[in-house]
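Residue-level structure breakdown
Residue strings, one per chain:
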Amino acid sequence: LAFQEGVECVAALSQLFAVSRDWEATLETALAGSVQGVQATSGALYLLDQDATELVCRTAVGHEGLRGTRVALDEGILGRCLTGAARVKRRARLG
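Fair warning: this is a prediction, and the values are worked out from it, not measured in the lab.

1. What to know about the pattern of salt bridges
Per the stated rule, a full pass over the model turns up four salt bridges. Close ionic contact of Arg67 with Glu28 constitutes a salt bridge, the shortest N to O distance being 3.1 Å. Of this pair, Arg67 sits in the loop between β2 (54–61) and β3 (70–72) while Glu28 sits in helix α2 (residues 23–37), and the two are 39 residues apart along the sequence. Arg67 gets classed as partly exposed once you look at its relative accessible area, which sits at 37%. Taking the relative accessible area as the measure of exposure, Glu28 reaches 33% and is therefore partly exposed. Arg70 is the partner of Asp49 in a salt bridge, and the nearest nitrogen-oxygen pair spans 3.6 Å. Of this pair, Asp49 sits in the loop between β1 (43–48) and β2 while Arg70 sits in strand β3, and the two are 21 residues apart along the sequence. What makes Arg70 partly exposed here is its relative accessible area of 48%. By sharing partners, the salt bridges in this structure join Asp49, Glu54 and Arg70 into a single network.

Parameters at a glance
- In every chain, residue numbers begin from 1 and rise along the written sequence.
- Local features in a predicted model are, by the rule used here, given only for residues with pLDDT of at least 70; side-chain atom pairs are given and counted only at 80 or more, and totals for whole chains, interfaces and linings are based on all residues.
- By convention in this description, side-chain values take in all heavy atoms of the structure and omit both hydrogens and water.
- Any Lys or Arg side-chain nitrogen found within 4 Å of a carboxyl oxygen on Asp or Glu counts as a salt bridge.
- Here a strand is any run of E in DSSP of at least two residues, a helix any run of H or I of at least four, and the numbering for each starts at the N terminus.
- Three labels apply to residues, based on accessible area from a 1.4 Å probe with only protein chains included: buried if under 20% of the type maximum, exposed if over 50%, partly exposed otherwise in between.

By themselves, these figures tell us nothing about what the structure is for.
And the structure:
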């Protein structure tokens, strides 16, 4: 996305959340717009649960079966990214 398109997207999402009374529908609309905006085929939105121990998939586009799945904070790439435990390898080797 060009910078201006990104700013417009953030402004539209802010407006959407400001006027909505239906949190779930707003999350679905925001995710669908984001997936379309970056020309992806799918996407998922994970939020931290109330106990702050797991990430919960609240909505998904293209992989609707993910809804409701839970990921512990020390599991997988999602948990590692959130906790800062993810590491980037400079020289990955294939095969």
